[in-house]
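# Structural description and commentary
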Amino acid sequence: MTPLDEAEVIRQLASPEGRQKVFPTIVDQYSQALYWKIRSIVLTHDDADDVLQNTFLKAWKNLPTFQGKAKLSTWFYRIAINEALDFLRHQKTATLSSADADLTVANRLMADDYFDGDKSQALLQEAIATLPNVQRTVFTLRYYDEMKYSEMSEILGTSEGSLKASYHIAVQKITDYVKRNE
């Protein structure tokens with residue numbers, strides 16, 4: 001499926017038979033991009049895989065309510081980001097202290113077979129992990145995906161001004177963290 005036939009996909013989503021037929025194509029098209037977006041939020045491969053599966057399950061369940069007011073990709077990104085943030089909230093409540101969990105990010109990444117970065121990249125990820133969830137999400141969308149603030153605003157349901165402020169604050173916090181921990 002090419003990005004240009006979204007109108008056809010949305011037409012097929014209107015019927016149960018069409019959903020059955022087109023959903024595997026949607027999964028094929030969006031899996032990789034959603035995986036990496038989720039991975040930038042939850043950090044580890046196994047967690048990203050779990051959240052990606054939950055994303056597609058939630059999307060499948062809610063396809064009958066998709067009205068086509070937003071682009072399909074925007075809708076999937078919104079679901080994926082919300083699932084990743086829900087995962088982090090549940091993970092933090094399961095640990096004694098979120099600060100303790102954040103301190104081990106670099107060690108967990110270096111032990112992850114799927115992480116191909118070096119210690120400086122692990123330190124950057126650790127710095128990102130110290131950010132509040134919203135700042136972390138805004139930072140990763142802007143820094144890694146080079147997403148425009150207008151698109152982020154649509155996905156996150158927040159004003160462009162607050163997104164710019166969150167990004168600026170996140171960059172400052174990351175810079176300070178890296179300087180302290182080099």
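The structure contained in this document is the topic of the report that follows. In this text the structure is predicted, and so the values were computed from the model without any measurement.

Parameters at a glance
Residues numbered from 1 in each chain as written. Predicted model: local features only at pLDDT ≥ 70, side-chain atom pairs only at ≥ 80, totals over all residues. Heavy atoms only, no water. Phe/Tyr/Trp six-rings, centres within 6.5 Å; stacked < 30°, edge-to-face > 60°. Core = buried A, V, L, I, M, F, W, Y, C linked by side-chain atoms within 4.5 Å. Buried < 20%, exposed > 50% of the residue type's maximum accessible area, 1.4 Å probe, protein only. Helix = DSSP H or I, 4+ residues; strand = E, 2+ residues; numbered from the N terminus. Contact = heavy atoms within 4.5 Å. Polar contact = N/O pair within 3.5 Å; in protein donor to acceptor, adjacent residues only side chain to side chain.

Below, the discussion takes up the packing of aromatic side chains. Each aromatic ring pair is summarised here by two numbers: the centre-to-centre distance and the angle between the ring planes. One pass over the full model with this rule turns up 11 aromatic pairs. Every member of this aromatic cluster is reached through a ring pair, and the members are F23, Y30, F56, W60, F66, W75 and F76.

Here we take up the nonpolar core. Core analysis: the biggest nonpolar cluster contains 44 residues, and L72 and F76 have the highest contact counts within it. Breaking this core down by element, the ones donating at least two residues are helix 1 (6-13), helix 2 (16-42), helix 3 (45-62), helix 4 (72-94), helix 7 (119-129), helix 8 (133-143), helix 9 (149-156) and helix 10 (160-181). Of all the elements, helix 4 adds the most residues to this core, at 10 residues.

You can see S73 is positioned in helix 4. Not counting residues within four places of it along the chain, the set of residues in contact with S73 comprises E6 and Y30.

Now for the side chain of T137. Locating T137 in the fold gives a position in helix 8. With a relative accessible area of 1%, T137 lands in the buried category. Within the structure, T137 has its side chain in polar contact with the backbone oxygen of N133 (distance 2.9 Å). With residues near it in sequence (within four places) discarded, T137 still touches I41, I81, L85 and L156.

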